[in-house]
There are 2 protein chains.
Amino acid sequence: MPRIEPRLLKGFRDYLPEVMIPRTRMLRKIAAVFERFGFEPLDTPAIEYADILMGKLGPEAEKLFYRFRDSGDRDVALRYELTVSLARVVAQYSTDLPRPFKRYQMGPVWRAEAPSMERGRFREFWQCDVDIVGSHSLLADAECLAVDHAVMQAVGVKTHLIRFNNRKLFRGLQEKLGINQDAQMAAIMRAVDKFDKVGREGVEKELAALEGVDAAARQTVLAFLDLAKFEGGNDARIGKLSEFLGSAASGHLGCSELREVLVEARRMGVPEKHLLVDATIVRGLDYYTGTVFETTLSDAPSFGSVMSGGRYDGLVGLFAGKDEPAVGISVGIDRLLAALESASLLMKSKASASVLVTVFDETCLEYALKSATELRRAGVNTEVYLEVGAKLKKQLAYAERKAIPLVVIAGPEEIDAGETQLRVMGTGEQLRLKLTELPQAAMSRFVEPDPNTAAGRTWDWAFKPEMIERVPEVGGLFLLRDETRVVKFAGWAKYGDLRNAIRRSLGPAQATKVKTFDWYEIREDELSEALCEFVVARLKPEFNA
Amino acid sequence: MPRIEPRLLKGFRDYLPEVMIPRTRMLRKIAAVFERFGFEPLDTPAIEYADILMGKLGPEAEKLFYRFRDSGDRDVALRYELTVSLARVVAQYSTDLPRPFKRYQMGPVWRAEAPSMERGRFREFWQCDVDIVGSHSLLADAECLAVDHAVMQAVGVKTHLIRFNNRKLFRGLQEKLGINQDAQMAAIMRAVDKFDKVGREGVEKELAALEGVDAAARQTVLAFLDLAKFEGGNDARIGKLSEFLGSAASGHLGCSELREVLVEARRMGVPEKHLLVDATIVRGLDYYTGTVFETTLSDAPSFGSVMSGGRYDGLVGLFAGKDEPAVGISVGIDRLLAALESASLLMKSKASASVLVTVFDETCLEYALKSATELRRAGVNTEVYLEVGAKLKKQLAYAERKAIPLVVIAGPEEIDAGETQLRVMGTGEQLRLKLTELPQAAMSRFVEPDPNTAAGRTWDWAFKPEMIERVPEVGGLFLLRDETRVVKFAGWAKYGDLRNAIRRSLGPAQATKVKTFDWYEIREDELSEALCEFVVARLKPEFNA
């Protein structure tokens, strides 16, 4: 048989482990946020009848489908996006599904468009959608903003700005302009949409080039733009827009919806600094009917919007033949991943394993396997070097290459003593430990414990603001330690206040002497207090004095 | 536009939330096990060049591909399984990837075969593969058995049996029989493979129907079968087979490999009761070259093998044009899910949310949103009822329908007092709580805390053997409580012994009085001991007296 050249189709890519590891972690965090807000997972087939998948799209989009005849000569296609399948599901299982139906779906979609690797445009890419179907309530819109904020928090972003608008404002502007043709209004909206790229003058030029938009209309649009960017806070901006559009019914309604979404998003705990009412946001042309929003990162602005969405009341009812209002978000997975990497927010990793257990020789194999089992039982991802008889140098080179941070070594001498060597690859530091101490020692040397994944490991956290921020808002006892692990301070916190208590516990001079901290969640405040008293009395930490 | 009938292609299915929720949880647990053993995630495209995907398969299989011309007239297909793409990746990035290359991949594959919903045969289904590429070491084979066992443990199975064999034994049998034609040997192996279904007599009949297999040969095969099922433990069985096949070189090698894999799997901590050497295991015909294994559940035997795999040294080198030994496992996701359900091991759920926060009326909305935010911060999946003004009865019916176990209710009276009602849907119990107490109270009423997902929640676990088994093997303090939450016993454990210490702490009479327990992981044994002394002195638990 002739050798087949290994190759990929143009526009397709493999996700090798060094991309797949951070990507998988990010997707898990995002799914956890969706579930935290009560969204249910859904999955639908990749292949469906072409008429279903194309139901709502024009002939231009139809060209972009992977469409073919299956072996039963059915006209089928690969899904182009996830919303149309959601619409089908809602119609098909209408009475089985609750309303609102809150679902999330993550998976690949396929588009036969010209790929551009440089611009990150692929023929196969993942979509990650969350939607609320069957509710007209503006609480649902606000919840989307709250989910947006929570996703940003979960992936470690602090500089996100959720810019939102309501499409009814454009209806109001259209009324005010007295434009009858929707196509003409669409052209104006396209011009407005370019504001962030081309600025006020740029939009003015675009408008001047439009047929049928006279100088007066142009001035009205520019006045709208000025209010859209009015610098006086979100409430003032809505007030100005409302004054300006108030005479137009749609404009009035749009402004009042905008105000309500802002108020509810605040009540849901989204800080004001992450919310920006911006009436230049359009988000596509023929899809959204009310709230629209997008999300940019101040420390990675060039990536554009990493999460966006809005209300689209006309679409999900497509197959049901009845009104199914909907509001949702789409996360740009690959764009977000790239933005996080550019902002140094991505915990990169080439290996799942935190520890490589080396095998000294055949006689030491059993002990090596036992060490690995102990580490795995304690929740440490551990790889065993599989080629018995390989030189230690080769085994260390393997750890080096995969960037596995810790290596376990045990030869006959260590084994006789029931001990093992733990080598920290980054520093070359090598510790001799009892086998029973190994899991603890390995865990305590993780650079970044993640409370979402490291069940039960709540000690030896680096005493840094970013780690303190990861402490859940529970209550309990905490111990602050210096570099030799001596307890310098013991404190306790009422339920809900542990993170704050750790943050506030020391002055700057003392803080420099603390390297790590432990925390223990305790439900009863009295027990926390009593335990802390006891620890202070027993250990007499320097900074408690 | 005419209404489009919502429908699925034959052989395809939607995963609605009530299936998707337990499925997603199971897949996460399985991925965590793979990572625990140092396997890296990989993803490859769904569409590839047809010649790549079909590289290794015969014309029969080619008919089962979804194959078509893309818009660039390329001959493409949807992937039929995941191994061929692994082979392509190994060849394409050969120098970038370490050896051994340990990867896992989970994703859909497509087969245009006659679907059978009853028999669980779909045209789109998920594969979940884990492979070690580039190692001839039998440690890799044994590691697959250890991963198999760990997956079973992770999904809650206790009655699994990993039956394994080595294909070289059949080579040995072929030598012993003096059969030259591989096709004839294949027919004999097919007969042997049916042993579990048709029994010894059934196999005898099958053999009798084969041309060219005389009575003497038949007796030799039956003698082999008897040894394959010899009841005297795994070592004895290998010994018998080795005696029988020892004169044939392949048989001798096969038996010695079988023995080594058994020894290493034991050393990796797989208990003997889950391992069964069974020389009737064939696992397909033209693929495997050494170790083969499959996994059945004693409490759900009718589902057949839920995990299987083996060594296939000829395949992964397909594109590389060089030797790439490989050994791997495939988890039958859908079959495993069905088996778990049948064995009542599946935690079913229709909703992501554990709590529904109701909205009493417009004036109470802010307080409701605040309650939801507090719950989410504490890690509780929480849904807010989105239609303000709906009757409480309707809101409760929504919780009922989605089987959300807890409901929060707060009207003006509760709000004035800074309180809230927590209703347990199952019992109708309703508690009045301070808002600050709500997250704790909600968390403590979860039926099954999962230490893998519930970060930091280590209290109010049901005092049952299956929950004690979930305590990690760490050290620390534990408290046993009665139904009114009074501490009946306080204990501590050295690092590594916490689970055992909880298990051993009480006699049967006392144990009946304990309903829940808390545990606190503490690294220093002295601190655990001192804290326990203190708690005993302070709380004077009845059973410590």
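**Q** I tried to follow the packing of helix H6 (residues 168–177) of chain A against helix H7 (residues 182–193) of chain A on my own but got confused; where do I start?
**A** The relative placement of two packed helices is expressed as an angle between their axes plus a distance between the axes. Residue and element names in this part refer to chain A. Contact pair H6 / H7: the axes reach a minimum separation of 11 Å and the direction vectors enclose 120°. Comparing their axes, H7 and H6 come out oblique. Taken as a pair, H6 and H7 cross one another with a handedness that is right-handed. For the pair H6 and H7, contact is made by Phe-170, Arg-171, Leu-173, Gln-174 and Leu-177 and by Asp-182, Met-185, Ile-188, Met-189 and Val-192, respectively. Looking at the contact of H6 with H7 residue by residue, the classes come out as 7 nonpolar, 1 polar and 2 charged.

**Q** Would you mind showing me how to read the sheet that holds strand S6 (residues 124–133) of chain A here?
**A** Sheets are built from strands that pair by backbone hydrogen bonding, the pairs being arranged parallel or antiparallel. Residue and element names in this part refer to chain A. Here 8 strands make up an open sheet; going across it, the order is S1-S5-S6-S11-S10-S9-S7-S8 and the pairing mixed. The open sheet has two edge strands with one neighbour each: strand S1 (40–41) and strand S8 (275–277). Relative to S6, strand S5 (residues 101–110) runs antiparallel, the two being bridged by 10 bridges. Opposite Arg-103, over in S6, you have Asp-131 as the bridge partner. Of the strands in this sheet, S5 and S6 touch helix H4 (residues 83–92), which is tilted by about 40° from S6.

**Q** I would appreciate a short explanation of helix H9 (residues 215–228) of chain A in the present structure.
**A** What sets the pattern is the α-helix's 3.6 residues per turn: residues three or four places apart point alike. With 14 residues, H9 of chain A ought to run about 20 Å at 1.5 Å a step, and its terminal C-alpha atoms sit 20 Å apart, in line with that. Of the residues making up H9 of chain A, those classed as buried are Ala-217, Thr-220, Val-221, Leu-222, Phe-224, Leu-225, Leu-227 and Ala-228 of chain A.

**Q** What is the right way to read the nonpolar core from this model?
**A** One broad rule of soluble globular proteins: the nonpolar side chains tend to lie buried together. In terms of nonpolar packing, the biggest core is built from 123 residues, with Ile-30, Phe-34, Ile-502 and Phe-517 of chain A touching the most fellow members. The dominant element in this core, judged by the number of residues it contributes, is helix H5 (residues 138–154) of chain A, at 11 residues. If sequence neighbours within four positions are ignored, Ile-502 of chain A has contacts with Phe-463, Ile-468, Val-471, Phe-478, Leu-480, Phe-517 and Trp-519 of chain A. Core analysis: the second largest hydrophobic core is formed by 122 residues, Ala-442 of chain A together with Phe-37, Val-157 and Ala-228 of chain B among them.

**Q** Please explain the domain arrangement of chain A as it appears in this structure.
**A** It is common to report an interface's size as the accessible area lost on association of the parts. The domain boundaries assigned to chain A delineate domain 1 (17–342), domain 2 (355–444) and domain 3 (461–544). Look at where the C-alpha atoms of domain 1 of chain A and domain 3 of chain A centre, and you get two points 44 Å apart.

**Q** Would you mind showing me how to read the side chain of Arg-237 of chain A here?
**A** Residues and elements named next belong to chain A. Its location among the elements puts Arg-237 in helix H10 (residues 234–245). Within the buried core, Arg-237 has no salt-bridge partner, and the shortest N-O distance to an opposite charge, that of Glu-231, equals 6.0 Å. Here the side chain of Arg-237 touches Val-277 through a polar contact of 2.7 Å, landing on its backbone oxygen. Each residue touching Arg-237, except ones within four places of it in the same chain, is listed here: Leu-227, Ala-228, Lys-229, Phe-230, Glu-231, Gly-232, Leu-276 and Val-277.

**Q** Quick question: what am I supposed to make of the sheet that holds strand S20 (residues 516–521) of chain A here?
**A** Residues and elements named next belong to chain A. Within the open sheet, the 4 strands sit side by side as S17-S20-S18-S19. Their pairing is antiparallel. A strand with exactly one partner marks an edge of an open sheet, and here the two such strands are strand S17 (461–462) and strand S19 (487–493). Pairing geometry for S17 and S20, over 2 bridges, is antiparallel. Each residue of the ladder has a partner; that of Trp-461, found in S20, is Phe-517. Contacts from helix H20 (residues 525–539) reach strand S18 (476–481) and S19, with the element oriented near 165° to S19.

**Q** How do you make sense of the interface of chain B and chain A when you look at a structure like this?
**A** Chain B puts 130 residues into the contact, and the matching count from chain A is 129 residues. For the pair chain B and chain A, the two sides together bury roughly 11500 Å², of which 58% comes from carbon and sulfur. Where chain B touches chain A, the interface holds 12 salt bridges. The shortest N-O distance in the salt bridge between Asp-51 of chain A and Arg-7 of chain B comes to 3.2 Å. Counting every contact that joins chain B to chain A gives 39 residue pairs in polar contact (both at pLDDT 80 or more). In terms of residue count, helix H1 (residues 17–36) of chain B provides more of the side of chain B that touches chain A than any other element does, 8 residues in total. Counted by class, the side of chain B that touches chain A contains 66 nonpolar, 21 polar and 43 charged residues.

**Q** What's the story with the relation of the copies chain B and chain A in this structure? I'm lost.
**A** In this arrangement, two copies of a chain are superimposed by a rotation about an axis accompanied by a shift along the axis. Of the transformation placing chain B onto chain A, the axial shift is 0.0 Å and the rotation is 180°, giving an RMSD of 0.2 Å. Such a combination of rotation and displacement between the chain copies is what one expects of a two-fold axis. Most of the interface of chain B is mirrored in chain A, where 99% of its interface residues again form contacts.

**Q** Just to check I follow, could you spell out the packing of H6 of chain A against H10 of chain A for this structure?
**A** Residues and elements named next belong to chain A. Running from amino to carboxyl end, H6 crosses H10 at an angle of 35°, the nearest separation of the two axes being 10 Å. Residues Leu-169, Gly-172, Leu-173 and Lys-176 of H6 pack against Leu-241, Phe-244 and Leu-245 of H10. In terms of residue class, the contact of H6 with H10 is built from 5 nonpolar, 1 polar and 1 charged.

**Q** I would appreciate a short explanation of the pairing of strand S16 (residues 430–434) of chain A in the present structure.
**A** The two faces of the sheet receive side chains in turn, since in a regular strand these alternate between them. All names here are of chain A. For strand S15 (residues 419–424) and S16, the ladder comprises 5 bridges, and the chain directions are antiparallel. Across the sheet, the residue bridging to Arg-423 is Gln-430, located in S16. Between S15 and S16, which pair antiparallel in sequence order, lie 5 residues; one of them, Gly-428, sits at a positive phi of approximately 80°.

**Q** Sorry, what's going on with the environment of Glu-526 of chain A here?
**A** Residue and element names in this part refer to chain A. Structurally, Glu-526 is set in helix H20. Glu-526 sits in the exposed class, given a relative accessible area of 63%. On a C-alpha basis, the gap between Glu-526 and Thr-220 in space is 65 Å, while along the polypeptide they are 306 residues apart.

Definitions and cut-offs
- Residues numbered from 1 in each chain as written.
- Chains lettered and ligands numbered in written order.
- Predicted model: local features only at pLDDT ≥ 70, side-chain atom pairs only at ≥ 80, totals over all residues.
- Heavy atoms only, no water.
- Axes fitted to C-alpha atoms, helices over the stretch in contact; angles between N-to-C directions.
- Helix = DSSP H or I, 4+ residues; strand = E, 2+ residues; numbered from the N terminus.
- Parallel < 35°, antiparallel > 145°, perpendicular 65-115°, else oblique.
- Left-handed = near helix turned anticlockwise from the far one by under 90°.
- Contact = heavy atoms within 4.5 Å.
- Nonpolar A, V, L, I, M, F, W, Y, C, P; charged D, E, K, R; others polar.
- Pairing = 2+ DSSP bridges.
- Expected span 1.5 Å × (residues − 1).
- Buried < 20%, exposed > 50% of the residue type's maximum accessible area, 1.4 Å probe, protein only.
- Core = buried A, V, L, I, M, F, W, Y, C linked by side-chain atoms within 4.5 Å.
- Domains from an automatic or database assignment.
- Lys, Arg positive; Asp, Glu negative; His and termini not counted.
- Salt bridge = Lys/Arg side-chain N within 4 Å of Asp/Glu carboxyl O.
- Polar contact = N/O pair within 3.5 Å; in protein donor to acceptor, adjacent residues only side chain to side chain.
- Buried area = accessible area lost by both parts, 1.4 Å probe.
- Least-squares fit on C-alpha atoms with pLDDT ≥ 70 in both.

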